[in-house]
Amino acid sequence: MRVGSGFDVHAFGPGEHVMLGGVRVPHTHGVLAHSDGDVLLHALTDALLGAAGLGDIGQHFKDTDPRWKGADSAHFVQATLAMLRARGLRVGNADLTLLAERPKLGAFREAIRARIAELLEVSPEAVNVKATTTEQLGFLGRAEGIAAQAVVLLTDSP
Ligand code: MG
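Everything in this summary refers to the structure shown in the same document. (Residues numbered from 1 in each chain as written. Predicted model: local features only at pLDDT ≥ 70, side-chain atom pairs only at ≥ 80, totals over all residues. Heavy atoms only, no water.)

**As for the overall build of the chain**
Spelled out, the test is: Helix numbers and strand numbers start at the N terminus; a helix is a DSSP run of H or I with at least 4 residues, a strand a run of E with at least 2. Radius of gyration here uses only the C-alpha atoms, and the compact-globule reference equals 2.2 Å multiplied by the residue count raised to the power 0.38. Here's how the labels work: a residue is buried when its accessible area is under 20% of the maximum for its type, exposed when over 50%, partly exposed in between, all with a 1.4 Å probe on protein chains only.
The number of helices and strands found in the chain is 5 helices and 7 strands. Along its sequence from the N terminus, the chain presents helices and strands in the succession β-β-β-β-α-α-α-β-α-β-α-β. Expected size for 158 residues packed as a compact globule is a radius of gyration near 15 Å; at 15 Å, the chain falls within 12% of this value. With the principal axes as the frame, the chain shows a C-alpha extent of 45 × 35 × 25 Å. Buried residues in the chain amount to 49% of all 158 residues.

**Concerning the pairing of strand 7 (residues 145–156)**
Just so we agree on the cut-off: In this description, strands pair whenever DSSP reports at least two bridges between them.
Where strand 1 (residues 2–13) meets strand 7, 10 bridges bridge the pair, whose relative direction is antiparallel. Directly across from Ala 11, in strand 7, lies its bridge partner Gly 145. In this structure, strand 5 (residues 89–99) lies alongside strand 7, joined through 10 bridges in antiparallel fashion. Looking at strand 7, one finds that Leu 89 is bridged to Asp 156.

**Considering the packing of helix 3 (residues 74–86) against helix 4 (residues 109–120)**
Stated formally: Every axis in this analysis is a line fitted to C-alpha atoms, fitted for helices over the stretch in contact. Angles between the N-to-C directions lie between 0 and 180 degrees. Should any heavy atoms of two residues lie within 4.5 Å, those residues are counted as being in contact. Lys, Arg, Asp and Glu make up the charged group, whereas Ala, Val, Leu, Ile, Met, Phe, Trp, Tyr, Cys and Pro make up the nonpolar group; the residues left over, Gly among them, are polar.
Packing of helix 3 against helix 4 leaves a shortest axis separation of 9 Å and a crossing angle of 35°. For the pair helix 3 and helix 4, contact is made by Ala 74, Val 77, Gln 78 and Leu 81 and by Arg 115, Leu 119 and Leu 120, respectively. Per-class residue counts for the contact of helix 3 with helix 4 are 5 nonpolar, 1 polar and 1 charged.

**Observations concerning the packing of aromatic side chains**
For clarity, the cut-off: The rule is short: rings of Phe, Tyr and Trp, with Trp giving its six-membered ring, pair when the centres are within 6.5 Å, and they are stacked under 30 degrees, edge-to-face over 60, tilted in between.
According to the stated counting rule, one finds 3 aromatic pairs in the structure shown. Here Phe 61 and Trp 68 contribute two aromatic rings whose centre-to-centre distance is 5.6 Å and whose plane-to-plane angle is 75°, an arrangement assigned as edge-to-face. For the residue pair Phe 61 and Trp 68, the accessibility class agrees, reading buried in each case. When the ring of Phe 61 is compared with that of Phe 76, the centres are 4.7 Å apart and the planes differ by 35°; the resulting orientation is tilted. With Phe 61 in the loop between helix 2 (57–60) and helix 3 and Phe 76 in helix 3, this pair connects stretches of sequence that are 15 residues apart. The two residues Phe 61 and Phe 76 agree in class, both being buried.

If you want it as structure tokens, here you go:
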């Protein structure tokens, strides 16, 4: 078994939605990003890569590469999963945390969980999505941006 962690931040910018775990969530702002700026999927990708000893998202999917301009971040997760599969690894479970004052996750939590489970090819019970604020402290508390953490466990394929 192998464990990995990931962390990601994006600043808010102009827009009317944010992508969270592959789900479009209406918001008063978008995020500044080269890809679609999905912090949950970026943290998840880094956790997957970390667990496999494969470096980080920036090494595999450069944020200067025109291929990834406006990209659906689901691609990063799926491409990473293919690398894991080639190494005989699969996902045991994943635990993700959104750090933000807004938007609130509640109404979207189950949809995000289902989408992440689909991307990871596991059952929804193997995925947990939670959220916290930072008690109005720091850049997250001032709602200048949004952050996410992810932890995954990889197991050897049977
Ligand atoms: Mg990112």
